[in-house]
Amino acid sequence: MENFFISQFETNFVGDDAAEVDGLVYSKDAFFENVHFKREWMSIKDVARRAMMVNVSDAVAMNAEPLYALLAVAMPKEISRQEAKELAEGFKEAAEFYNMEIIGGDTIANTKLDITVTVVSRSKKPLFRKGMREGDLLAYTGELGKSAKELKRLLRGGRIHKKSKFRSIKLRDRFVGTARRFLNCGMDISDGLFSELEKLSQINKKGFSFLQPVPRSVGCSGEEYEMLVCFDPRNKKAIIRRAKQTRTLLHIFARAQRGGYKNICKRHHFG
């Protein structure tokens, strides 16, 4: 239904992690209670910080520098002043980390905590999803799979560490920035590696040959916010060098080829 709905809008700016218009990059994501998180899983400050970082991830994926943020917050009527203060602190901490300015938005009363963030960024050389060529190598950053395990633990009533991957998002802006000149395309991994591969396949009309098996526990794990990138094999050494310089773990796992690719994972979110 998501893809069908998006297809109803005739625009040249849909299809990437964010929309690039005249050098500015616009991204917008929702972070809704009981769809993306449950209140008992994390502090209200953590909720705000994660909501902001999820949106900044789209800017990072486009090789863009975040400048401004607009917030739309639907708050429960019974929220206390202390909780509202902690919510604001979470937004401000995430914004300050990326030198962003929160310039406005809207607040309404609601039965639960729902957040929508719009981030305005700037990029001299945006990284798009389109640009893959036959023979390109594909790689992902970091370790995939932990986020899904932590989500399962939370859904079963368990607890996770405050610095766990599900609660504390680490973005790859330094790697993307230094490696951009060698990258043909890229995107962040929010819905899972296999899901993102399907998107790259559809927009570039390519399939993939895997250099080594990727377990479902790795390929189907969403909410990772790592990077998926593709590049010419001739630039492999340069990409590995940039990964080492930025202390970024890099897994080269597939090669682009003729054909297509179908995601084998279930859709994410549990609401």
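What comes next concerns the included structure. (Residues numbered from 1 in each chain as written. Predicted model: local features only at pLDDT ≥ 70, side-chain atom pairs only at ≥ 80, totals over all residues. Heavy atoms only, no water.)

Under the criterion given, the structure shown has seven aromatic pairs. A ring pair is formed by Tyr-140 and Phe-253, whose centres lie 5.4 Å apart and whose planes are at 55°; its orientation type is tilted. Of the two residues, Tyr-140 sits in strand 6 (residues 137–141) while Phe-253 sits in strand 10 (residues 250–257), which places them 113 residues apart along the sequence. For Tyr-140, a relative accessible area of 9% gives the class buried. Centroid distance Phe-210 to Phe-253: 6.0 Å. Interplanar angle 40°. Geometry classified as tilted. Of this pair, Phe-210 sits in strand 8 (residues 207–210) while Phe-253 is found in strand 10, placing the two residues 43 residues apart along the sequence. Overall, Phe-210 belongs to the partly exposed group, its relative accessible area being 33%. A relative accessible area of 1% places Phe-253 in the buried class. Three or more aromatic residues joined by ring pairs make a cluster, and in this case those are Tyr-140, Phe-194, Phe-208, Phe-210, Phe-253 and Tyr-261. (Phe/Tyr/Trp six-rings, centres within 6.5 Å; stacked < 30°, edge-to-face > 60°. Helix = DSSP H or I, 4+ residues; strand = E, 2+ residues; numbered from the N terminus. Buried < 20%, exposed > 50% of the residue type's maximum accessible area, 1.4 Å probe, protein only.)

Looking now at the state of the cysteines. In total, this model carries one disulfide according to the counting rule given. Here Cys-220 connects covalently by a disulfide to Cys-265, the sulfurs 2.0 Å from one another. What sets the handedness of the Cys-220 and Cys-265 disulfide is the S-S torsion sign, and at about -80° it is left-handed. One end of the pair, Cys-220, is in the loop between helix 7 (216–219) and strand 9 (226–231); the other, Cys-265, is in the segment after strand 10, and 45 residues separate them in sequence. (Disulfide = S-S within 2.5 Å.)

Let us now look at the pairing of strand 4 (residues 101–110). Sheet topology note: the strand 3 (residues 65–76)/strand 4 ladder contains nine bridges and is parallel. Paired with Met-75 across the strands is Ala-109, a residue of strand 4. In this fold, strand 3 hands off to helix 3 (residues 81–97), which returns the chain to strand 4; that crossover is right-handed. (Pairing = 2+ DSSP bridges. Right-handed = clockwise from strand over helix to strand, strands pointing away.)

A separate point is the sheet that holds strand 5 (residues 114–122). By way of backbone hydrogen bonds, the strands of a sheet pair with one another, either parallel or antiparallel. Pairing within the open sheet is mixed, and its five strands lie in the order 1-2-5-3-4. Two strands bound the open sheet, and with one partner strand each, they are strand 1 (19–21) and strand 4. Each strand of the sheet is rotated relative to its neighbour by a mean of 15°, with strand direction disregarded. Sheet analysis places strand 2 (residues 24–32) next to strand 5, joined by nine bridges and oriented antiparallel. Across the sheet, residue Lys-28 finds its bridge partner in strand 5, namely Thr-118. Its contacts with the sheet put helix 2 (residues 44–61) on strand 2, strand 3, strand 4 and strand 5, and the angle it makes with strand 2 is roughly 145°. This element, helix 3, spans strand 3, strand 4 and strand 5 of the sheet and lies at about 165° to strand 3. (Axes fitted to C-alpha atoms, helices over the stretch in contact; angles between N-to-C directions. Contact = heavy atoms within 4.5 Å.)

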